[in-house]
Each structure stands twice: as structure tokens, then as C-alpha cells.
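Fold and contact review
Next come the chains, spelled out residue by residue.
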Amino acid sequence: MGSYLPYYTLAEGAPLPRNDTIEQVSTGSGGGHVLLTSTQLIEQLAHFSRERIPERVVHAKAAGARGYYEVTDDVSDITDADFANGIGKKSDVLMRISTVGPERGSADTVRDFRGFAVKIKTAQGNQDFVCNNQPVFFVRNPSKFPSVNRSHKRNPATNSSDANMFWDFHVNSQESIHALMFLFGDRGLPSSVRHVNGYSGNTYKFTKADGTYHYVRMHIKTNQGIHYFTNSEGAELAGKEPDKHILDLQDAINTGEFPSWDVCVQVIHPRDIASAPIDIFDMTKVWPKKQFPLRKMGRLVLDRNPSNWLAEIEQAAFSPSNMVPGIEPSPDPMLQARMFAYPDAARYRLGINHTFLPTNAPKSEVYVPTERDRRMNFTTNYGDDPNYVGSKLKPMNFKGTLPQSGQNGHAANQMKTLDQVETTAPITAFTTVSDNDFEQPRALWEVMAKQDGAQERFINNLAAHVSGVTHKMLREQTYEMFGKVDAKLGEDLKKVTEAKLEGNHAHPHKTAWH
Ligand code: NDP
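None of the values given here were measured: they were computed from a predicted structure.

Turning our eyes to something else, we now look at the overall build of the protein chain. Counting its regular elements, the protein chain contains twelve helices and 14 strands. Radius of gyration (C-alpha) of the protein chain: 26 Å, near the 24 Å computed for a compact globule of 514 residues. With respect to the three principal axes, the spread of C-alpha positions in the protein chain is 80 × 80 × 40 Å. Going through the 514 residues of the protein chain one by one, you find that 48% of them count as buried. For the protein chain, contacts bridging at least 24 residues in sequence account for 70% of all contacts bridging at least 6. Accessible surface for the protein chain amounts to roughly 25,400 Å². Of this, 54% is attributable to carbon and sulfur atoms. On the protein chain, the mean spot of the 57 positive side-chain charges and the mean spot of the 59 negative ones are 1 Å from each other.

What follows covers the packing of helix α10 (residues 454-466) against helix α11 (residues 472-485). Orientation of α10 relative to α11, taken along the N-to-C sense of each, is 160 degrees, at an axis distance of 11 Å. If you check the angle between α10 and α11, you find them roughly antiparallel. Seen from above, α10 lies across α11 with right-handed handedness. Only R475, T478, Y479 and F482 of α11 make contact with α10, whose side of the interface consists of F458, L462 and V466. Taken together, the residues that form the contact of α10 with α11 break down as five nonpolar, one polar and one charged.

What follows covers the packing of aromatic side chains. One pass over the full model with this rule turns up 17 aromatic pairs. With centroids separated by 5.6 Å and ring planes inclined at 80 degrees, the aromatic side chains of F116 and W261 adopt a geometry described as edge-to-face. With a gap of 145 residues between them, F116 in strand β7 (residues 114-122) and W261 in strand β12 (residues 260-268) connect regions that are remote in the sequence. Exposure remark for F116: the relative accessible area of 0% places this residue in the buried category. Its relative accessible area of 0% is what places W261 among the buried residues. Ring plane angle 70 degrees and centroid distance 5.9 Å describe the contact between W167 and F482, whose orientation is recorded as edge-to-face.

Looking now at the site of the ligand. The ligand sits among 19 residues. The nearest are H178, Y199, K221, K289 and Q451. R187 is positioned with one of its side-chain polar atoms (N or O) 3.0 Å from an oxygen atom of the ligand. At 3.1 Å from an oxygen atom of the ligand is found a side-chain nitrogen or oxygen belonging to N197. Here the ligand occupies the second largest pocket. Secondary-structure elements contributing two or more residues to the shell around the ligand are α4 (177-183), β11 (213-222) and α9 (436-449). Here the shell around the ligand takes four residues from α9, the largest share from any one element. Here the residues of the shell around the ligand sort into nine nonpolar, six polar and four charged.

Parameters and conventions
Residues numbered from 1 in each chain as written. Predicted model: local features only at pLDDT ≥ 70, side-chain atom pairs only at ≥ 80, totals over all residues. Heavy atoms only, no water. Helix = DSSP H or I, 4+ residues; strand = E, 2+ residues; numbered from the N terminus. Rg over C-alpha atoms; globule rule 2.2 N^0.38 Å. Buried < 20%, exposed > 50% of the residue type's maximum accessible area, 1.4 Å probe, protein only. Contact = heavy atoms within 4.5 Å. Areas by Shrake-Rupley, 256 points an atom, 1.4 Å probe, with all protein chains shown as cover. Lys, Arg positive; Asp, Glu negative; His and termini not counted. Charge placed at Lys NZ, Arg CZ, Asp CG, Glu CD. Axes fitted to C-alpha atoms, helices over the stretch in contact; angles between N-to-C directions. Parallel < 35°, antiparallel > 145°, perpendicular 65-115°, else oblique. Left-handed = near helix turned anticlockwise from the far one by under 90°. Nonpolar A, V, L, I, M, F, W, Y, C, P; charged D, E, K, R; others polar. Phe/Tyr/Trp six-rings, centres within 6.5 Å; stacked < 30°, edge-to-face > 60°. Near = heavy atom within 4 Å. Polar contact = N/O pair within 3.5 Å; in protein donor to acceptor, adjacent residues only side chain to side chain. 1 Å grid on protein atoms, 1.4 Å probe; cavity = no way out; pocket = protein on both sides within 12 Å on 5 of 7 lines; lining within 4 Å. Sits in = over half its atoms within 2 Å of the grid points.

Pasting the structure below:
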């Protein structure tokens with residue numbers, strides 16, 4: 001082989017001195033007929049036609065990097081999670097921060113929520129926190145999840161984004177008003193992914209082996225400060241530097257400016273949920289900070305860029321169902337739906353064996369001999385260990401401690417804690433909207449009142465989008481909806497939007513959305 005160096009090979013290893021060989025029968029007068037024996041050519045053509053994998057239906061465009069989670073504060077009173085205990089302990093982390101609606105090739109500097117996905121590789125398996133950069137979501141009824149996303153994407157007839165679809169959905173699902181207040185505020189167009197927070201939005205449980213538990217929401221707060229672009233800055237950069245956010249993160253890491261976030265939790269004891277001012281399982285509401293202050297538990301640092309995008313970031317699969325002992329789901333319907341939908345999306349997009357990929361594989365031992373075979377299995381596939389439950393034969397490949405008789409599989413302390421909330425918690429009517437849904441948006445409007453020009457920017461951002469609505473009745477319904485947050489907001493929105501429309505004769509259906 002030495003004589004071939006530098007050399008290439010075929011996919012199955014046969015060395016070749018070049019990577020552009022074809023075999024052909026020359027006609028003698030130019031050109032030639034290519035032979036089916038041109039294995040290298042055939043491999044290359046076949047590979048090229050197949051090299052794309054399906055892009056994510058949402059969260060397709062992203063920046064991503066690796067780093068670590070470090071425990072900074074003691075939370076041993078509320079969770080046994082190994083990675084979260086022991087001040088100074090570090091665990092490997094993969095993070096991916098994305099836009100939501102636009103496609104994989106789209107520009108970064110657009111107004112949209114950001115997905116903020118974190119995979120912590122712990123001694124007890126992977127812990128994923130699949131957050132957004134806003135603390136609330138548009139809907140609380142999971143059956144609306146596909147619809148809200150479709151309404152933000154392309155019209156199926158025209159294949160272009162459509163403000164009519166967007167507002168038709170939102171005026172008829174007004175529980176989304178709180179999320180809309182975030183989207184059209186300054187934080188809806190971040191200047192980089194280093195300058196955003198991550199919020200779980202969903203309610204989790206932190207649990208202990210003694211059966212005690214607390215409800216928590218994660219707040220992952222940027223140490224770089226919150227920075228944003230205006231609509232016109234975003235639009236200009238979308239043309240000039242469409243990959244702005246990806247490159248910004250890579251540059252920061254390359255120059256040793258490692259971005260970091262403080263990881264905090266809001267905590268509620270189960271006995272306090274009945275007296276909480278909101279349904280704590282409703283993803284359209286925040287937990288008021290004065291009543292439920294943030295408690296720091298650790299920090300995230302990104303210090304390594306990917307060396308290959310597909311291998312490390314595109315093939316990464318995050319799921320809220322990846323939880324370690326000490327963290328559990330709560331009776332939060334959106335969380336439960338996401339626990340199904342995210343791994344289901346990965347099974348479709350990457351295949352059922354996506355957990356074997358190095359970027360997803362946990363660092364801890366995996367032993368599930370009842371999940372084996374399947375396409376593209378490159379493991380030893382559990383040898384002759386029983387592939388059925390109930391066996392009392394000692395498995396060959398099992399490296400852990402066998403459960404004592406009477407215990408079912410894993411350690412007994414991994415049995416889930418039972419929620420006692422069914423009869424005590426206020427139950428949100430998940431499909432109806434009430435005045436209560438406008439209280440927290442109103443509080444956010446007041447937060448903006450204290451920030452120089454924030455309300456004015458909000459109205460302009462919103463008017464730029466609503467002016468794309470061609471149905472007058474739909475525009476009126478939109479003004480009315482924002483009028484319920486604040487009467488003057490509704491009036492000003494109408495004034496600015498209608499003035500824009502009067503001055504905008506060409507292409508009235510075009511929006512500043514993408
Ligand atoms: P506070 O009044 O104590 O604080 C308001 C919070 O709003 C800040 O801490 C900050 O969150 C966030 N914020 C500041 N400026 C903006 C902005 N321009 N756009 C969006 N968010 C901003 O919070 P309360 O708990 O009393 O809630 C008041 C309102 O604040 C809520 O109705 C909600 O809309 C909003 N909010 C609340 C959060 C919560 O978890 N309680 C989180 C974020 C916003 P941060 O420190 O996380 O950056």
C-alpha cells in the first residue's frame with residue numbers, strides 16, 4: 001500500500017491512487033462510453049444523490065458546540081441526580097441553538113423563537129433539557145402543536161410565508177398572546193445565540209430516593225447579556241451574513257471567549273401548587289419570580305467547536321424524555337407530548353438506531369437487550385443474552401449488578417414518584433381562553449414600559465408583520481386581541497399598521513417575517 005501514498009480507497013477499502021477514475025471505451029473520435037466497471041465513479045454518483053438526510057420539520061437551522069456543565073451550588077435537598085451533585089463536578093455537554101420555523105439553509109437573523117437544546121452526558125445516562133429562549137410557548141394543548149408550527153411556515157399553495165395564516169391561527173388560539181408578546185419584543189430577534197437565555201417552559205420534577213419531590217422550571221441565563229437586533233439590522237444581515245449566528249459562536253470559541261450560562265431552577269413544593277396564582281403545568285404562563293425565586297445550581301460553558309457538522313450537530317437528537325434518576329416528568333401535557341414527539345422525530349429523521357451515533361451515545365453503560373437488531377446496527381447486538389423479559393440466566397454482556405429478586409429491572413429508587421396533584425391543583429381549561437391569559441402579557445408590557453423605546457419597537461415589529469394580512473377582518477381581530485393586553489397598545493398597533501398599509505401599495509402581502 002505504501003507505493004500508493006497519498007492514496008484513496010473505495011468504500012470497502014480497495015486502494016486507488018486517484019479519486020476521479022472512470023473506465024471508458026474510447027470512440028477514437030473524442031468522448032467515450034463509460035463502463036459499469038467504473039466502481040469509483042458509480043460509488044461517488046450514488047453517494048452524492050443520497051448524501052442529504054431529512055431536515056428537521058422545526059428547528060432546522062442551528063448553531064452548535066460542545067462544552068461542560070459544572071456544579072456550582074448544592075441542590076442535594078431537592079434532587080439525587082448525580083451530575084447535579086458535588087460542587088465542582090463537570091459533565092460533557094452538547095448544545096444546539098436554532099431558529100424554529102425556517103429551513104436549514106435559511107438566514108439566522110430572523111424574528112423567531114430559538115430552540116435551546118442541551119444534552120448533558122452524565123454517569124447515569126443522558127439528561128436533555130430541550131428549552132426555548134422564551135419562558136412560555138404559544139399553546140398549552142399539545143394537539144395544537146403541529147398547527148401553530150404550520151401557521152408560522154409556508155402556505156401550502158404558494159410556498160411562501162403568509163401573515164394571513166399566522167394571524168388566523170393566533171386570533172383563534174389567543175392563549176398564544178403571552179408568547180407573541182415575547183416574539184415581537186426585543187428578544188424575538190437575538191443578536192447571537194450567545195446572547196439568549198434558555199427556559200424549560202415545561203414543568204419537571206426533581207426527585208429524591210426517599211420519595212420526596214419538587215416541581216421545577218429551568219432558567220439557563222446567559223452571562224453575555226441579552227442583546228438583540230432591530231428588524232432592519234436583522235434584514236440587512238440576513239442578506240449579507242445569513243450564517244451570522246453560526247459563525248459568531250464559532251468565532252467566539254476559536255478566540256477563547258467561551259460563552260457561559262448560569263443554570264437555575266424555580267422550585268415549588270407540591271403542597272404549594274394549589275395556592276400558586278397560576279396553573280403551574282400551563283406552558284403559556286411563567287411562575288412569578290418574586291414568589292418563586294431563581295435558585296442557582298450550576299453553569300454551562302461552551303469551549304469546543306464541532307469538527308464535523310453532520311456528525312456532531314445535524315445528527316444530534318434531543319428529547320425531553322431523556323431524563324436521569326432524580327429528574328422526572330410532571331403532569332404537564334405539553335411535556336408529555338414532547339416526550340413522545342421528539343424521539344419520534346429522531347426515529348424518522350435518523351433511524352431507530354440514532355442512539356448509537358457518537359454524538360448521541362451516552363458515556364455511561366447501556367444495556368437494553370430487548371431493543372436490538374434494527375437497521376444499521378454496528379454493535380455486537382448483545383450476543384446471546386436473552387432478548388425476552390423474565391430470564392433468570394446470567395447474561396454474558398451485562399456489566400452492572402443484577403437486581404435482587406422482587407425488584408423489577410433497574411434499582412428500586414428509579415420507580416417514579418407519584419404526583420398527588422389530581423384533586424388539589426387548579427385545572428386549566430386547555431382549550432378555552434380567559435382574561436387570566438392576558439394578565440402576564442400585561443405584566444410584560446409593563447416590563448417593556450421601563451425599557452427605553454421597547455414598547456415603540458414592539459409596536460413597529462408587530463405592525464411590520466400584521467401589515468402583511470390582506471383580510472381586513474383578521475387585522476381588526478388582531479388589534480382587538482392586543483387591545484385586551486392594553487387598550488392603547490391595540491389602538492397604536494392599528495394606527496401604525498394601517499398607516500404602513502396606506503403607504504405600501506406594492507406587494508401588500510409581503511412581510512418582514514423571513
Ligand atoms: P419580574 O417582573 O421580576 O422580571 C421580569 C423579567 O422579564 C426579567 O427578569 C427578565 O427575565 C424578563 N424581561 C426583561 N425585559 C424583557 C423584555 N424586553 N422582553 C421579555 N422579557 C423581558 O418577573 P415576574 O416573574 O414578575 O414576571 C413579569 C413578567 O415578566 C411575566 O409576566 C413575563 O411576561 C415576564 N418574564 C417572566 C419570567 C419568569 O420566569 N417569571 C421570565 C421572563 C420574563 P430574565 O431575568 O429571565 O431575563
